[in-house]
Structures are given as C-alpha cells and as structure tokens.
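# Summary of the model geometry
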Amino acid sequence: MSDHPVLHVKGRVLVGPDDVRDELWVVGGRISYERPGGARDLRTVEGWALPGLVDAHCHVGLDAHGPVPADVSEKQALTDRDAGTLLIRDAGSPSDTRWIDDRDDLPKIVRAGRHIARTRRYIRNYAHEIEPEDLVAYVAQEARRGDGWVKLVGDWLDRGTGDLSACWPREAVEAAIAEAHRLGARVTAHCFAEDSLRDLVEAGIDCIEHATGLTEDTVPLFAERGVAIVPTLVNIATFPHLAAGGEAKFPQWSAHMRRLHERRYDTVRAAYDAGIPVYVGTDAGGSLAHGLVAAEVAELVTAGIPPVEALSATAWGARSWLGRPGLDEGAPADLVVYEGDPRADVRVLAAPRRVVLNGRIVG
C-alpha cells in the first residue's frame, strides 16, 4: 500500500446529492475523511468530486461482429475509464474479460455472463442461441459465470411475422428467473417492444434494458414490482437508421422501430414519474463507441429527468443498486473531479479534470 501517493481532494466532494464536504484524503488507495499525519508523497486535486461514474449497460470484449481480442478490450475499457466510467455492468459478452480484474488501472466490471437468446433471434456471434427447454440450464450456467447478473434477449425480429416479438414462453422465463434467483443472481433482459414485458415482470425479472415498449398498461406494473430500466437512449437514437435499413424487407418492423423512437423521451419520463428506478447505460461495445456516459446522462435530462436524479443514475444511486460503494470512508478511491458542479449542469461530465482509480490519478 505504501506505493500509493497520498491524495488531498479539496473543493466540493459530492458524497451524496445533498452530502457535500470540503475535502477528502486518499491514503493507501482508500478514502479517508481524516487528515493523515506525516504524509511525504502528497498530491492535491481540486474541483468538484463525484464517485466514479457507472455505465450499467456496456459490453467490454465485444464489437459489431462478436468477441474481440484482449488488446481491443483493453482499449474499450480505457476509453470508458478516461470518460469517468469506473464501474461497468457488462450486460452480456462472449469474451472472457476476467483478466481485467487483475488490472488496477482499468474499470471494475460486474458481469452478466454471455447473452442467452432464442435460436436465430439475435446478433450473430453474440449469444448462446437455444430453445426454451434449455433456458433454465443456460441461465444456471451464466449465473455461475457472472458477477450476480444474467442477461436474456427478451424480444427480437421474428422473420415469420416480420416484426418484433417475444422470444420465450411465460413458463420458461418463470422457471429460469426462479433458478437465477436461487443461485443468487439477478436477471435482466433486452426488450425493445411491448409484447414480452408483462410476462417477464410477472415472472420476477429484476431489470429491463432499453424498455422502449413501456406503455401506460405496463408502467404501473414495473413500478409496483420495483423493476428497474436502463433506457440506453444514445442507442435508441440509432433506431431511424436501423429502420431505414430494414424498410424493404421488413416494413412492419421498420415502422414499429420508428414509433418506439418517436416516443422514447415520453416513455422514459413516464417511467421516472411513476417511480420506476432508471439507470444510465450506453450499450457501448456493439455498434456504439465507448466513452458515451456523459451523453447518456444528458439524454436522460432531455427526457425530463431532473439533473440531480440523472446524475444519481450514474453515480450514487447506480452504485447502490449494484452493491458497490461510493465515496465512503475506507472504500477504494474511485472518483472523478470536474471543473464545475455537475448537479447544476450535467454537461460538465463530458470533460473530467482528473480521474482517480484505486487511489491513483490515471487521467
């Protein structure tokens, strides 16, 4: 621990949205609110400090074509880190990225294992593609491989109907979610459309990714059950482009995607107003670039979520949801320092002044 410099972070330390302190110290790579005595290697960082940001839907080790080599995964993780993202919930990846856990200069990752999809109903080379009778077994496998999460593909384009449709029968997801919970894992699912949501929520799912298919009928159900959503609005922005590409072959699907896009902000605001937990996720690593966390926070604000709540969705609230500490006494010193108050203007998130990971200045 002696190779860690002692850092003095002063200015305004946002321990919570309303818990603002004048300074903190980093000693042995961990946070302290007591001034250390006799520090020799002392460095000072000034500004507005936040807990390291969270990207709750990110894919390290994945690109548009499938798994990528370790050097590409490293670049992805570094890009996220330099944007201030120091905690990632990896929402599905076919790559083994456990080696990242041994690197104290790369973000911490909470893994959901590999996607579990219906046969020929997801992006090629991404998922385990199986049929319903095998769902429980694969969920158990990925629950054991992950870090407390499992990722299902809840709906996708059905080439038979030419539109989005649910991938799994109700009884299959009930049994699979029960098995994940028995093993201590939470379950989330990719869902663009409306049809799969009620069955998944009533089956006990913990989170829905994208959630563009929320309606006035299902919003109250999500709120009642406490099911979180990760809207990934920077990804939903690509829907018109995707729709244009599929227009000739799947006109019904294309029209559906455009409708989901058009109402995206209303959908997110309705969810927030109903009390549904909303968290920041970018969906980086498929076709989207890494390092978009600030853009996603800004999108939540555009949707009508108050800036402090949008900030919590990538900071205090998101860390609590994932069971990871923030700027707590004795916690690993993972923090980002900015020029101005991000509660007043979330756009400052796009330009970190300093990034501190495991007690060291890394950016």
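Below or above, wherever it landed, is the structure these notes cover. (Residues numbered from 1 in each chain as written. Predicted model: local features only at pLDDT ≥ 70, side-chain atom pairs only at ≥ 80, totals over all residues. Heavy atoms only, no water.)

The strand order across the open sheet formed by three strands is S5-S8-S9, and the pairing between neighbours is parallel. Both outer strands of the open sheet, strand S5 (53–58) and strand S9 (108–111), are each paired with one neighbouring strand and no more. Averaged over all pairs of adjacent strands, the angle between strand axes in this sheet comes to 20°, irrespective of strand direction. Of the strand pairs in this sheet, S5 and strand S8 (residues 85–90) are connected by four bridges, and their pairing is parallel. Bridge pairing links Leu53 to Thr85 in S8. (Pairing = 2+ DSSP bridges. Helix = DSSP H or I, 4+ residues; strand = E, 2+ residues; numbered from the N terminus. Axes fitted to C-alpha atoms, helices over the stretch in contact; angles between N-to-C directions.)

So, on to the layout of surface pockets. Rolled over the atoms, a probe as big as a water molecule pinpoints where empty space is left. Its boundaries defined by the atoms lining it, the largest pocket holds a volume of some 930 Å³. Considering the residues around the largest pocket, the lining is formed by 32 residues, among which Tyr122, Ile123, Arg124, Trp156 and Leu242 are closest to the centre. Mapped onto the lining of the largest pocket, the elements with two or more residues apiece are strand S13 (155–158), helix H7 (239–246) and helix H8 (251–262). Here the lining of the largest pocket is built from residues that sort into 14 nonpolar, 12 polar and six charged. Counted as a void, the second largest pocket has a volume near 250 Å³. Lining the second largest pocket we find 16 residues, and of these Ser93, Ser95, Asp96, Gly113 and Arg114 sit closest to its centre. Taken together, the residues of the lining of the second largest pocket break down into two nonpolar, seven polar and seven charged. (1 Å grid on protein atoms, 1.4 Å probe; cavity = no way out; pocket = protein on both sides within 12 Å on 5 of 7 lines; lining within 4 Å. Points joined across faces, edges and corners; volume = space filled by probe spheres on them. Nonpolar A, V, L, I, M, F, W, Y, C, P; charged D, E, K, R; others polar.)

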